[in-house]
Amino acid sequence: AFGRATEVSRDEVKFQKFVNRLRKAFSFLLLDALRIQLILKGIIKQSEWHEIEDSISVDYIEDNYFSELKEFEILRERIETLNVLGEFVGKYYSTKWVRNNILRQTDEDIERIDKEIADEPKEDEFGGFDDQPET
C-alpha cells in the first residue's frame with residue numbers, strides 16, 4: 001500500500017538518518033574543495049576562509065514525500081492523543097498545556113491560530129456560512 005502515512009517504517013527512518021549522515025560528510029568534502037578552489041584562484045586568502053567558513057552551508061533537497069508522510073503520521077498521533085485526553089482538558093490539564101505539549105504549538109502559533117479561527121466565517125444553523133453574499 002504505497003502512499004499511506006502508516007506505512008512509514010523504522011527501516012525508512014533509519015535509512016533517512018543514514019542519508020543525512022552521508023550528506024553531512026559529503027558537505028565537508030564540498031566545502032573543502034571550495035576552500036581549495038578559492039585559495040588557488042586567488043579569490044580569498046587562507047586567513048579569510050576562517051572568517052567566512054561558518055556562513056557557508058550546503059542545503060540538500062529533502063525527500064518531500066517521506067518528510068510529509070512522517071509529519072502527517074506524527075500529527076495523526078498527536079490528534080489521537082488529544083482525543084484520548086479530551087475529557088481531562090480543563091479538569092487535569094489546561095488547554096494551554098495541551099496546545100504547548102501535545103500539539104507542540106508555540107505561543108506565537110497559538111495567537112496566530114486563534115486569530116485565524118476568529119476571522120473564519122461561522123456556520124449558521126442550516127449548514128451555510130453567515131457572511132456569504134445573498135443571491
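Residues numbered from 1 in each chain as written. Predicted model: local features only at pLDDT ≥ 70, side-chain atom pairs only at ≥ 80, totals over all residues. Heavy atoms only, no water.

A. Summary view of the pattern of salt bridges. In this structure the tally under the stated criterion is eight salt bridges. Close ionic contact of Arg112 with Asp109 constitutes a salt bridge, the shortest N to O distance being 3.6 Å. One end of the pair is Arg112 and the other is Asp109, both in helix H5 (residues 107-119) and three residues apart, which spans about a single turn. With relative accessibility at 42%, the residue Arg112 sits in the partly exposed group. In the salt-bridge network here, residues are joined through shared partners; they are Arg76, Glu77 and Glu80. (Salt bridge = Lys/Arg side-chain N within 4 Å of Asp/Glu carboxyl O. Helix = DSSP H or I, 4+ residues; strand = E, 2+ residues; numbered from the N terminus. Buried < 20%, exposed > 50% of the residue type's maximum accessible area, 1.4 Å probe, protein only.)

B. Seen up close, the packing of aromatic side chains. Within the structure shown, the criterion is met by three aromatic pairs. Ring centres 5.8 Å apart and planes at 45 degrees place the aromatic pair Phe88 and Tyr92 in the tilted group. (Phe/Tyr/Trp six-rings, centres within 6.5 Å; stacked < 30°, edge-to-face > 60°.)

C. Representation of helix H4 (residues 95-102). Along H4, the residues classified as buried are Val98, Arg99 and Ile102. One side of H4 holds all its buried residues, which, seen down the axis, span an arc of 105 degrees. Positive phi shows up at Arg104, right after H4, with a value of about 55 degrees. (Arc of directions from axis to C-beta.)

D. Broad picture of the environment of Ile79. The topology assignment puts Ile79 in helix H3 (residues 64-85). Owing to a relative accessible area of 39%, Ile79 belongs among the partly exposed residues under this scheme. Distance in space between the C-alpha atoms of Ile79 and Leu103 is 7.6 Å, their sequence separation being 24 residues.

E. Highlighting the packing of H4 against H5. Where H4 meets H5, the axes come as close as 10 Å, and the angle between the chain directions of the two elements is 115 degrees. As summarised for this structure, H4 and H5 are arranged roughly perpendicular, according to the angle between their axes. For the pair H4 and H5, the sense of crossing is right-handed. Where H4 abuts H5, its residues Lys96, Arg99 and Asn100 lie against Asp107, Ile110, Ile113 and Asp114. Here the residues of the contact of H4 with H5 sort into two nonpolar, one polar and four charged. (Axes fitted to C-alpha atoms, helices over the stretch in contact; angles between N-to-C directions. Parallel < 35°, antiparallel > 145°, perpendicular 65-115°, else oblique. Left-handed = near helix turned anticlockwise from the far one by under 90°. Contact = heavy atoms within 4.5 Å. Nonpolar A, V, L, I, M, F, W, Y, C, P; charged D, E, K, R; others polar.)

F. Representation of helix H1 (residues 10-40) in the model. With 31 residues, H1 should cover 45 Å at 1.5 Å per step; its first-to-last C-alpha distance of 45 Å lies within 8% of that length. Taken together, the buried positions of H1 are occupied by Gln16, Val19, Ser27 and Leu38. (Expected span 1.5 Å × (residues − 1).)

Purely spatial values, then, with no claim about function.
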